[in-house]
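Overview (structure and organization)
What follows is the residue order along each chain.
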Amino acid sequence: MPRKNRTGKSNAGPESQRKFADAAALQERLDGYFADCDQKDKLYSEQGMALYLGVSIATLDQWWRGLRCPDLQETLQMAYMRIAEQICTDERYNEKGMVSLKIFLLKQEKYGGYQDRIESRQDLTVRVKMGEDMDDSDFR
């Protein structure tokens, strides 16, 4: 049983204060979010999902990475894949002003982490070996 601190609050870790009992409960709530967006003809978003679930973006990130409630990780990753799929296929993202948002979102790790160019490293090491017949006057 968790002990209480001086303020009377439990010292239990985040696992004991779960928002969703299991992945099925989270999936049910996510289905509600996506259905609500579809009914209102709204685009899915990370912010909208967080608000609908009643959690912060930081909590979503911890679930997505499996750092908190690891049993929810795959369910949440599938939700992000659903958002990414909409970004790729919904014609609204091809409208003026939305294309750059589409590109930006798809470059994010949670939406696929796509790259439009390969970043090359510019590390270069040069070694110079001087001949035996050189002296200080050669450098002036």
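Figured I'd write up the structure that's included with this text. (Residues numbered from 1 in each chain as written. Predicted model: local features only at pLDDT ≥ 70, side-chain atom pairs only at ≥ 80, totals over all residues. Heavy atoms only, no water.)

1. Structural notes on the pattern of salt bridges
Enumeration over the complete set of coordinates arrives at 9 salt bridges. Note that Lys110 and Glu46 form a salt bridge whose closest N and O atoms lie 3.3 Å from each other. Here Lys110, found in the segment after helix H5 (99-107), pairs with Glu46, found in helix H2 (residues 46-53); they are 64 residues apart in sequence, far enough to count as distant. A cluster of three or more residues bridged by salt bridges with shared partners is formed by Glu46, Asp61, Arg65, Glu109 and Lys110. (Salt bridge = Lys/Arg side-chain N within 4 Å of Asp/Glu carboxyl O. Helix = DSSP H or I, 4+ residues; strand = E, 2+ residues; numbered from the N terminus.)

2. Observations regarding the environment of Glu85
Within the element layout of this structure, Glu85 appears in helix H4 (residues 73-89). Overall, Glu85 belongs to the partly exposed group, its relative accessible area being 45%. It is 8.5 Å that separates the C-alpha atoms of Glu85 and Tyr111, two residues lying 26 residues apart in sequence. (Buried < 20%, exposed > 50% of the residue type's maximum accessible area, 1.4 Å probe, protein only.)

3. Some points on the nonpolar core
Ranked by internal contacts, the top residues of the largest apolar core, which has 26 residues, are Met49, Leu53, Leu60, Trp63 and Leu76. Here this core takes 6 residues from H4, the largest share from any one element. Ignoring sequence-local partners within four residues, the contact set of Leu60 consists of Glu46, Met49, Ala50, Leu53, Val55, Leu76 and Tyr80. (Core = buried A, V, L, I, M, F, W, Y, C linked by side-chain atoms within 4.5 Å. Contact = heavy atoms within 4.5 Å.)

4. Some points on the packing of aromatic side chains
If you walk through the whole model with that rule in mind, you get 7 aromatic pairs. With a centroid separation of 5.7 Å and an interplanar angle of 55°, the aromatic rings of Tyr80 and Tyr111 are classed as tilted. Of the two residues, Tyr80 is situated in helix H4 and Tyr111 in the segment after H5; the sequence distance between them amounts to 31 residues. Judged by its relative accessible area of 0%, Tyr80 falls in the buried class. Taken together through their ring pairs, the aromatic side chains of Tyr33, Phe34, Tyr44 and Tyr52 make up a single cluster. (Phe/Tyr/Trp six-rings, centres within 6.5 Å; stacked < 30°, edge-to-face > 60°.)

5. Examining the environment of Ile103
Here Ile103 is to be found in helix H5. Ile103 sits 11 residues away from Tyr114 along the chain, and the two C-alpha atoms are 8.7 Å apart.

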